[in-house]
Amino acid sequence: MPELPEVETIMRSLAPNLVEKIIEKVIIRETRLRWPVDLNLPSYLEGQTVQQISRRSKYLLVSTLNGHLLIHLGMSGNLRILPQNTPVKKHDHVDIHLSSQQILRYHDTRRFGCILWTTQAPDQHVLLRELGQEPLTPELTGDYWYQRARSRKLAVKNYIMDNHIVVGIGNIYANEALFLAGIHPNRAAQQLTLADYQRLLICVRRVLNTAIAMGGTTLRDFTDGTGKEGYFKNELQIYGREGEKCTQCGKIIKHMQIGQRSSYYCPHCQAE
DNA sequence: AAAAGGACCTGGTGGC
DNA sequence: TGCCACCAGGTCCTTT
């Protein structure tokens, strides 16, 4: 479900409902997520006040004075702020009861997500410390992306989805950004010029920022923390549009598998 | 070191 | 209606 814009959207919608609230109770119904949920979570969290919620890559960090909850939504995870008496549905794995009489509920059909507790600085955590740069911060430059691509023969689409280099770009937005930049997704990463990477970075930022402004992309079931859908689906130029006409040139959009992921491109606007 | 493929899960869809 | 193959917004791990 969530790429960077969706996680950012959820974070923003949760912030006013979480920050400065006291965690009164934690209920774990299912521990079998990507990594087991620590059954001591209630003892770590109950009585604590949420200081802030932030995002690193596609992880959400819920911080108290004692430590941080690292939450990843995997492919199908979601977080919702709900009234306390909301009936439990299948795959509602964890509830965090708040002093506001609301609950923060973690739901994840496929259980690829995780909820972990750490008392380390989040950046030092094993899951975060090897992560690459945030795409929306000014520290990232097209030159960095270009330099790291030297001697990389993999498809540029896989390269820009590599979290060790730049985080947050998943399958949908990789497709969209490459289309905007006019770059064929299957070109070797090392083949692109510095100017290509500079242009690509601008396109990545434009796509991500626009998607955030529209509340993310709801393909089937994504919503923010309050249940609102995202409207960037209406703006998708290339993802999922195999057989349709390119919005730029009218040629028929093609589809191919790259690294086992669905890839879409315009054979005219994104020449090999 | 880099690339490719499998693994982890459930559910929806479309074909027969 | 049922069964089956295939697909899905992520990312870690093993093998080549």
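Residues numbered from 1 in each chain as written. Chains lettered and ligands numbered in written order. Predicted model: local features only at pLDDT ≥ 70, side-chain atom pairs only at ≥ 80, totals over all residues. Heavy atoms only, no water.

Draft legend 1. Structural view of the side chain of Thr118. Relative to the helices and strands, Thr118 is located in strand 8 (residues 114–118). With a relative accessible area of 4%, Thr118 lands in the buried category. Looking at Thr118, its side chain comes within polar contact range of the main-chain nitrogen of Gln120, at 3.0 Å. Excluding residues within four positions of it along the chain, Thr118 makes contact with Gly67, His68, Leu70 and His125. (Helix = DSSP H or I, 4+ residues; strand = E, 2+ residues; numbered from the N terminus. Buried < 20%, exposed > 50% of the residue type's maximum accessible area, 1.4 Å probe, protein only. Polar contact = N/O pair within 3.5 Å; in protein donor to acceptor, adjacent residues only side chain to side chain. Contact = heavy atoms within 4.5 Å.)

Draft legend 2. Structural context of the protein's contact with DNA strand C. Neighbouring DNA strand C are 24 residues, the closest being Met1, Arg34, His72, Arg220 and Ser262. Within 4 Å of the protein, the atoms of DNA strand C are drawn from sugar and phosphate moieties in a proportion of 56%. One nitrogen or oxygen atom from the main chain of Thr217 is found 2.7 Å from a base nitrogen belonging to DNA strand C. Arg220 places a polar main-chain atom, nitrogen or oxygen, 2.9 Å from a base oxygen of DNA strand C. Those elements giving two or more residues to the surface near DNA strand C turn out to be helix 5 (171–181) and strand 10 (261–265). (Near = heavy atom within 4 Å.)

Draft legend 3. Here's a closer look at the packing of helix 1 (residues 4–18) against helix 6 (residues 194–213). Viewed as axis vectors pointing N to C, helix 1 and helix 6 meet at an angle of 35 degrees, and their least axial separation amounts to 9 Å. The handedness of the crossing between helix 1 and helix 6 comes out as right-handed. Facing Leu4, Pro5, Glu8, Thr9 and Arg12 of helix 1, the residues of helix 6 in contact are Leu208, Ala211 and Ile212. A per-class count over the contact of helix 1 with helix 6 returns 5 nonpolar, 1 polar and 2 charged. (Axes fitted to C-alpha atoms, helices over the stretch in contact; angles between N-to-C directions. Left-handed = near helix turned anticlockwise from the far one by under 90°. Nonpolar A, V, L, I, M, F, W, Y, C, P; charged D, E, K, R; others polar.)

Draft legend 4. Representation of the pattern of salt bridges in the model. On inspection of all chains with the given rule, the structure shows 11 salt bridges. Here Arg29 and Asp95 are joined by a salt bridge, their closest N and O atoms 2.5 Å apart. Linking Arg29 in the loop between strand 1 (23–28) and helix 2 (41–45) with Asp95 in strand 6 (residues 92–98), this pair joins segments that are 66 residues apart in sequence. Since its relative accessible area comes to 35%, Arg29 is described here as partly exposed. Of the charged contacts, one joins Asp95 and Arg105 as a salt bridge, the two residues approaching to 2.8 Å between their closest N and O atoms. Here Arg105 lies in strand 7 (residues 102–108) and Asp95 lies in strand 6, a separation of 10 residues in the sequence. Taken together, the shared-partner salt bridges in this structure form one network comprising Glu8, Arg12, Arg55, Arg56 and Glu134. (Salt bridge = Lys/Arg side-chain N within 4 Å of Asp/Glu carboxyl O.)

Draft legend 5. The arrangement of the protein's contact with DNA strand B in detail. Every residue lining DNA strand B is accounted for by Lys90, His91, Thr109, Arg110, Arg111, Phe112, Arg152, Lys153, Leu154, Arg220 and Gln260. The protein-proximal atoms of DNA strand B, defined as those within 4 Å of the protein, are 62% sugar or phosphate. In this structure, His91 approaches DNA strand B through a side-chain N or O atom, which is 2.8 Å from a phosphate oxygen. Leu154 is positioned such that a nitrogen or oxygen atom in its backbone is 3.1 Å from a phosphate oxygen of DNA strand B. Looking at the surface near DNA strand B, its residues break down into 2 nonpolar, 3 polar and 6 charged.

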